[in-house]
2 protein chains.
Amino acid sequence: MHDMMATRTAPDPASELQAASAANPSFSPLYRQIKGLITRSLQQGDWKPGELIPSEADLARRFGVSQGTVRKAVDELAAEGLLLRRQGRGTFVSTHHEERVKFRFLRLVPDATVEGERPLPQPMERQFLECRRARASQEVARTLGIKAGESVTQIRRLLLLAGEPVVFEDIYLPGPAFRALTAERLESYRGPLYALFESEFSTRMVRAEEKLRAVNASAQEAQLLRVREAEALLLVERLSFSYGELPAEYRRGLYNTRHHHYRNELN
Amino acid sequence: MHDMMATRTAPDPASELQAASAANPSFSPLYRQIKGLITRSLQQGDWKPGELIPSEADLARRFGVSQGTVRKAVDELAAEGLLLRRQGRGTFVSTHHEERVKFRFLRLVPDATVEGERPLPQPMERQFLECRRARASQEVARTLGIKAGESVTQIRRLLLLAGEPVVFEDIYLPGPAFRALTAERLESYRGPLYALFESEFSTRMVRAEEKLRAVNASAQEAQLLRVREAEALLLVERLSFSYGELPAEYRRGLYNTRHHHYRNELN
DNA sequence: TAGTGGTCTAGACCACCGT
DNA sequence: CGGTGGTCTAGACCACTAA
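Residues numbered from 1 in each chain as written. Chains lettered and ligands numbered in written order. Predicted model: local features only at pLDDT ≥ 70, side-chain atom pairs only at ≥ 80, totals over all residues. Heavy atoms only, no water.

This part covers the protein's contact with DNA strand D. Taken together, 25 residues sit near DNA strand D, with Leu30(A), Ser66(A), Thr69(A), Gln87(A) and Gln87(B) positioned nearest. For DNA strand D, the backbone makes up 85% of the atoms found within 4 Å of the protein, where backbone means sugar plus phosphate. Contact between DNA strand D and Thr69(A): a phosphate oxygen at 2.3 Å from a side-chain N or O atom of the residue. Elements with a minimum of two residues in the surface near DNA strand D: helix 2 (30-44) and helix 4 (67-79) of chain A together with strand 2 (83-86) and strand 3 (90-93) of chain B. Its residues assigned to classes, the surface near DNA strand D shows 6 nonpolar, 11 polar and 8 charged. (Near = heavy atom within 4 Å. Polar contact = N/O pair within 3.5 Å; in protein donor to acceptor, adjacent residues only side chain to side chain. Helix = DSSP H or I, 4+ residues; strand = E, 2+ residues; numbered from the N terminus. Nonpolar A, V, L, I, M, F, W, Y, C, P; charged D, E, K, R; others polar.)

Below, the structure is given as C-alpha cells:
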C-alpha cells in the first residue's frame, strides 16, 4: 500500500517528501517531488554538466521510493533536456559539449537542406567585434529581469557560413558572473558559446524563447552582412534561461535569409 | 515472465504482435507495436476526431497486454498530440474543434503579449480572395509529393487582426479530396480552417514543418497588407502532415510583423 | 560478468467525473 | 456510485556497456 508516513522504511531525504492525501490541497505527486529534488541538485551543482548521476536504484534508495517513481521523474527531466539517458551506461547531466547537440539553439539551416537530414556541415567562422562591460538599457534590463543601469557584459559578433556573413548579433549577459570574459578568450575558444559559459562561468542554458520579426536592414547592418540597404532581414530576439527559469542571456540577432532559412516544427 | 507466444492467453488481435527476442533483429518493444495499432485505427477512422476511444483496461484486454503497456503507448500518442487524456472521463481523439487548441499552428502574437499569457484575444477576421482548382507547379508538386500538373485546390486569403491585415497566404491542397470546397463554404464556416478540413474533408492535420525567411514586399503584397513597397515581411512556408506522415497541405504566408511577432520555444 | 537503463507485468489505491 | 485515468509499488527479465 502507498502510505508513506506509516509503512515506508525511508532514510533521511525521504522525510522531506509529503504524503499524498485528500487533506492536503497543495498536493504534488511523489515523482514530481523527486523531480524537484533532482532539479535542485542540478542547480546547486551537486552534479555538473557532463557528469554521471547516481543510478535509478541508488536514487530510489536515497529517496525511499520505488525505482519506478524515480524513473518517471528522470523520464520527464530527460524529455526536458536536463538529463541524458544512455542504456547500459547510466544517466548524465546534459551539456553543450557534445557533437550531437552542437546547434540545438541555432535553427538556421541552408536552403538546400533536405528534410530529415542533419544540417550545417558547412564550415562556420566567428568574428568577435566587441566584448565589453556596459550599463543595461531599459529594454535589456526589463527583459533580463534586472534594474536599468546595472552592469551587463555585451558581446557583438558575426557568424560566417561558407565564408559569407549570415548572422550579426548582440549578446547581453547579466550581472558580475561574466566579468572575467574577454575578447581574447572568445577568440581562442573552440566550440559553442554556451559550452564556454557552462565550463568557465557556471551558467548552463536550459531553454529559450524567441521572437521573430522581419526588418529592413540599416546602412550599418547591410554593410556587415553584405546586403543592400533596406534588404529584408530576419530579426531573432532570444531570451535564454538557466536552471530554475532564471533569465541568463538576452540576444538580438539579424539573420540574412537569402540562402538560409529558420526551421521550425509544429506539434 | 514475459513470453507471449507461450504463456499469454491472448485474443485474436494480440496474435499480430511479435515477441521480443534477441533472435529477432527488427524487434520493436510491445508498447511501440501497440502504438502502431492505435495509430492505424486513427488513420482508418475507426475512432474519429473528438470521439472517445476505448478505456486503457479495454485496450489492454483487446491487445492481450497489461494496462501499463497500453498506458505507455497512449502516453506517447498524447505527447505527440494525437490523443487527449482527461482524468475521470477517458481518452479522446484530438481535434481542431476546441477552444484550447484553436491557434495551435499560428504562432503569430501581438507584441504586447506578456510571457505566459494566452495570446490572441484579438478579434480576427478572414477574407477569402480566391478558391479554385489549379495545376500543381513544379515547386508545389515537389513539396506535396505529387506530380507537376496534377490537380490541387488553391485558396488565397487575408487575415485581419484588430481590423488590420496581418497575414496574406496561399494554401495548396493536393488531390481530389477537396474538390467540393468552395469560396462560399469557406466564407460561411465559423472556426479554424483545419476544423473544416477535419469535419468535411476527412483530413486531420497532425503536425507541420515551417521554413521562415525575411523578404521585401512586392507591390501587390504591399498593397494587400497596407505597407510600403519593399517593406520587410516574414515569409512562412508550412508543410502540414496528416496521419502517417502524409503531406496534406502546403501554405505560403506573408506576415506583417510591425505589431506582431512569431513566437517560438527552444528546448 | 556486473551494473545500467528499458520493457513488461500484476495489483493496489487515489483523484476526478458523470450519473 | 461505478468507471476513468493517475500514481505507486515490487519484482522479473531483456538489451546494452564496460571492465
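As a further point, take the relation of the copies chain B and chain A. Each copy of the sequence occupies a distinct position, and chain B is placed on chain A by a rotation of 180 degrees and an axial shift of 0.0 Å, giving an RMSD of 0.0 Å. Within this description, the copies of the chain are treated as partners about a two-fold rotation axis. Here 100% of the interface residues in chain B have copies in chain A that are interface residues too; the copies meet face to matching face. (Least-squares fit on C-alpha atoms with pLDDT ≥ 70 in both. Contact = heavy atoms within 4.5 Å.)

Looking now at the sheet that holds strand 3 of chain B. All names here are of chain B. Strand order across the open sheet formed by 3 strands is 1-3-2, with antiparallel pairing between neighbours. The sheet is open, and its two edges are formed by strand 1 (52-53) and strand 2, each paired on a single side. Pairing of strand 1 with strand 3, which is carried by 2 bridges, proceeds in the antiparallel orientation. Pairing of leucine 52 across the sheet is with phenylalanine 92, part of strand 3. Against the sheet, helix 4 (residues 67-79) touches strand 2 and strand 3, its axis set at about 115 degrees to strand 2. (Pairing = 2+ DSSP bridges. Axes fitted to C-alpha atoms, helices over the stretch in contact; angles between N-to-C directions.)

Below, the discussion takes up the interface of chain B and chain A. Each partner contributes to the interface: chain B provides 31 residues, whereas chain A provides 31 residues. A combined buried area of about 2900 Å² lies between chain B and chain A, and 44% of that area is made up of carbon and sulfur atoms. On the chain B side of the interface with chain A, the three residues burying the most area are Asn264(B), Leu266(B) and Asn267(B), jointly 23% of the side's total. At the surface where chain B touches chain A, the tally comes to 4 salt bridges. Of the charged contacts in the structure, one is a salt bridge between Arg207(B) and Glu265(A), with a shortest N-O distance of 3.2 Å. Joining chain B to chain A, the criterion identifies 21 residue pairs in polar contact (both at pLDDT 80 or more). Counting residues per element, the ones that place at least two in the side of chain B that touches chain A are strand 8 (207-216), strand 9 (232-242) and strand 11 (260-266) of chain B. Of all the elements, strand 8 of chain B adds the most residues to the side of chain B that touches chain A, at 10 residues. Here strand 11 (residues 260-266) of chain A pairs with strand 8 of chain B via 5 bridges, running antiparallel. Opposite Asn264(A), over in strand 8 of chain B, you have Glu210(B) as the bridge partner. (Buried area = accessible area lost by both parts, 1.4 Å probe. Salt bridge = Lys/Arg side-chain N within 4 Å of Asp/Glu carboxyl O.)

Time to look at helix 3 (residues 56-63) of chain B. Residue and element names in this part refer to chain B. Where helix 3 is concerned, the buried positions are Glu56, Leu59, Ala60 and Phe63. For helix 3, the arc enclosing every buried residue in end-on projection is 105 degrees, short of the 170-degree limit, so these residues lie on one face. On its buried face, helix 3 is in contact with helix 2 (30-44), strand 1, helix 4 and strand 2. Two residues or fewer after helix 3 comes glycine 64, characterised by a positive phi angle close to 70 degrees. (Buried < 20%, exposed > 50% of the residue type's maximum accessible area, 1.4 Å probe, protein only. Arc of directions from axis to C-beta.)

In this section: the domain arrangement of chain A. Residue and element names in this part refer to chain A. Domain boundaries in chain A define domain 1 (2-93) and domain 2 (108-262). Counting residues at the interface gives 6 residues for domain 1 and 5 residues for domain 2. Both faces considered, domain 1 and domain 2 share a buried interface measuring about 500 Å² in area, 67% of it formed by carbon and sulfur atoms. Taken together, the connections running from domain 1 to domain 2 amount to 0 salt bridges. (Domains from an automatic or database assignment.)

As a further point, take the confidence of the model for chain A. Considering every residue of chain A, the mean pLDDT works out to 89; 87% of them sit at 70 or more. Taken as a whole, residues 1-15 of chain A scores under 50 in pLDDT and shows 23 contacts with residues more than four places along the chain or in a different chain. (pLDDT = per-residue confidence, 0-100.)

What follows is about the pattern of salt bridges. Once the charged atoms of two side chains with opposite charge are near each other, the side chains can pair. This structure, assessed with the given rule, holds 46 salt bridges over all chains. The partner of Glu56(B) in a salt bridge is Arg85(B), and the shortest N-O contact between them spans 1.9 Å. Within this pair, whereas Glu56(B) is found in helix 3, its partner Arg85(B) is found in strand 2, the two being separated by 29 residues in sequence. By relative accessible area, Arg85(B) is classed as partly exposed at 26%. Residues Arg263(B) and Glu265(B) are paired through a salt bridge, measuring 3.7 Å at the closest nitrogen-oxygen approach. Residues joined by salt bridges that share partners form a network here, namely Arg207(A), Glu209(A), Glu245(A), Arg263(B) and Glu265(B).

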